[in-house]
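# Structural features, examined
Below, each chain spelled out in residue letters.
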Amino acid sequence: MLRETGTLDRTSSLLTFTDIPVPASADDEILVKVSVCAVCHTELDEIEGRMSPSRLPVVPGHQVVGRVARRGKDARRFAEGDRVGIAWIHSSCGACEFCLSGQENLCARFRATGRDANGGYAEYVTVREDFAYPIPGTFSDVEAAPLLCAGAIGYRSLRLAGLNDGQNLGLTGFGASGHLVLKMARYRYPRSNVFVFARGAEEREFARELGAVWAGAANEEPPDLLHAIIDTTPVWAPVVAALKNLTPGGRLVVNAIRKEDLDKNALLSLEYPKHLWLEKEIKSVANVTRRDVQEFLALAAEVPIRPETQEYPLRDATKALLELKEGKIRGAKVLRIPDEFRQ
Ligand SMILES: [Zn+2]
Ligand SMILES: [Zn+2]
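In every chain, residue numbers begin from 1 and rise along the written sequence. Chain letters and ligand numbers both follow the written order, the letters beginning at A and the numbers at 1. Only residues with pLDDT of 70 or above have their local features reported here, since the model is predicted, and side-chain atom pairs are shown and tallied only from 80 upward, although totals for entire chains, interfaces and linings are computed over all residues. Excluded from the side-chain calculations are hydrogens and water; all other atoms, namely the structure's heavy atoms, are used.

### Overview of helix 9 (residues 290-302)
Helix and strand definitions here come from DSSP, where helices need a minimum of 4 consecutive H or I residues and strands a minimum of 2 consecutive E residues; each element is numbered from the N-terminal end. One less than the number of residues in a helix, times 1.5 Å, gives the span that helix is expected to have. Taking 1.5 Å as the rise per residue, helix 9 with 13 residues should run 18 Å; its terminal C-alpha atoms sit 18 Å apart, in good agreement. Contacts are residue-level and defined by heavy atoms, with any inter-residue pair within 4.5 Å sufficient. Along its buried surface, helix 9 packs onto strand 7 (132-134), helix 4 (150-161) and helix 5 (176-188).

### Brief notes about the coordination of the zinc ion (ligand 2)
Metal coordination angles in their ideal form are 109.5 degrees for the four-donor tetrahedron and 90 or 180 degrees for the six-donor octahedron. Protein coordination at the zinc ion (ligand 2) comes from C93 (SG), C96 (SG), C99 (SG) and C107 (SG), with a distance range of 2.3 to 2.4 Å. The donor set comprises N, O and S atoms within 2.8 Å of the metal, extended to 3.2 Å for Na, K and Ca; water molecules are omitted, so apparent gaps in a site may simply reflect that omission. Here the metal geometry follows the donor angles, with tetrahedral for four donors whose angles all fall between 85 and 135 degrees, square planar for four and octahedral for six when opposite donors are more than 155 degrees apart and every other angle is between 65 and 115, and irregular for all the rest. Its 4 donor atoms give the zinc ion (ligand 2) angles of 106 to 114° at the centre, a pattern that matches the tetrahedral case. The sequence pattern formed by the donor residues of the zinc ion (ligand 2) is C-x2-C-x2-C-x7-C. Note on exposure labels: buried denotes an accessible area under 20% of the residue type's maximum, exposed denotes more than 50%, and partly exposed covers the range between, all computed with a 1.4 Å probe on protein chains only. By relative accessible area, which is 19% here, C96 ends up buried. For C99, a relative accessible area of 13% gives the class buried.

### Considering the environment of Q103
Within the secondary structure layout, Q103 lies in the loop between helix 2 (97-100) and strand 5 (111-112). Between the C-alpha atom of Q103 and that of V288, which follows or precedes it by 185 residues, the distance is 8.6 Å. Excluding its chain neighbours within four sequence positions, the residues that come into contact with Q103 are F98 and T289.

### Comments concerning the coordination of the zinc ion (ligand 1)
The coordination sphere of the zinc ion (ligand 1), as far as protein atoms go, consists of C40 (SG), H62 (NE2) and C149 (SG), spread over 2.0 to 2.2 Å. Linear spacing of the donor residues for the zinc ion (ligand 1) on their chain is C-x21-H-x86-C. Of this pair, C40 sits in the loop between strand 1 (29-38) and helix 1 (41-47) while C149 sits in the loop between helix 3 (141-144) and helix 4, placing them 109 residues apart in sequence. Judged by its relative accessible area of 8%, C149 is buried.

### A few points about the sheet that holds strand 11 (residues 226-231)
Here a strand pair is declared whenever DSSP counts at least two bridges between the two strands. Taken in spatial order, the 6 strands line up as 10-9-8-11-12-13 in an open sheet, and their pairing is parallel. Both edges of this open sheet fall to strand 10 (214-216) and strand 13 (281-284), since each of them pairs with a single strand only. Shown here is a sheet whose adjacent strand axes are inclined to one another by a mean of 15°, direction ignored. Here strand 8 (residues 169-172) runs beside strand 9 (residues 194-197); their pairing, made up of 4 bridges, is parallel. Following the sheet pairing, G170 is matched in strand 9 by F195. Contacts from helix 4 reach strand 8, strand 11, strand 12 (246-254) and strand 13, with the element oriented near 155° to strand 12. With respect to the sheet, helix 7 (residues 237-245) is in contact with strand 8, strand 9, strand 11, strand 12 and strand 13, its orientation differing from that of strand 12 by roughly 150°. For helices, the fitted axis covers only the stretch in contact; all axes are lines through C-alpha atoms, and the angles between them, taken along N-to-C directions, range from 0 to 180 degrees.

### Focus on the nonpolar core
By size, the foremost hydrophobic cluster in this structure holds 97 residues, and its most contacted members are I30, Y121, L169, L171, F174, M184 and V196. For F174, the residues in contact, after removing those within four places along its chain, are H179, L182, V196, A198, E203, F206, A207, L210 and T232. In this text, buried Ala, Val, Leu, Ile, Met, Phe, Trp, Tyr and Cys residues form a nonpolar core when linked through side-chain atoms within 4.5 Å. Counting 12 residues, the second largest nonpolar core, distinct from the first, contains V239, A242, L252 and A256.

### A short note on the side chain of T42
Turning to its location among the elements, T42 is positioned in helix 1. Judged by relative accessible area, which is 10%, T42 ranks as buried. Other than its neighbours up to four places away in sequence, T42 contacts M51, H62, W88 and I257.

Here is the structure:
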């Protein structure tokens, strides 16, 4: 349970263990008994106030896998016991121009799991049945969880990158989403070369293991220009560096819900001829649609794309988030909620 926002460090107790009643499900909702919930950088943005939750206290977590424990009286899509996933999109209005044109991710009334409604760092969570997803049988619970955000938003980013097979793809940052995008790209664009920029030597080694032709530090110069780059870092210097590395007409896709202000002055080094001239583009990625999640789960099962995971018990949520903050990352971090959770 997140009660207040602030800087997360070893001594902070922003996330607390609390007994709360099992939530009541509305008529069109299901109650889900949570098995695992993957950890996302967005949780750090919520906790540290860069994107404050609309309600406090709130239970964070938006990559939830569990089983249907109860159904509202109008909820018929799943049976009790069915395995389902819940993603970042908790609901949208369903009636605005964006919702009606397949862009529910842009809805002004977009509500996010774990930010505007209680999420999956808990034993139970509720969701409208049409915002839950069946999980393909090929994945374990732990494997499935990171697919729901890191994978789905990575899928959206890769689509927005507009890459053609054979063109060079760059990835700046190589966390949970980056490593899934690399696996996706190798399947979808088998003739494309993937170049990875990451701050840690271990991340770079991991990227090479997964098939990157080149992996370097954030400010290193790649051996070739790149047609599209997907940035998943929380800072600005990689944005400027990426623009320099684009081909003419190339596109930078920024997959970050918020950027930190720490190195914002890096933007002052932006030079129009070097970084933007020749029709270079910058595009952000906002949220996900249900379709992104469904299509990505199907693709992930077909390939199959299995995330590398590190498991933590729920009580170590703060530790997992701190490691994420400090860049101690290999794949995706997943919290396991014990069957009978006791404090
Ligand atoms: Zn996320
Ligand atoms: Zn809407």
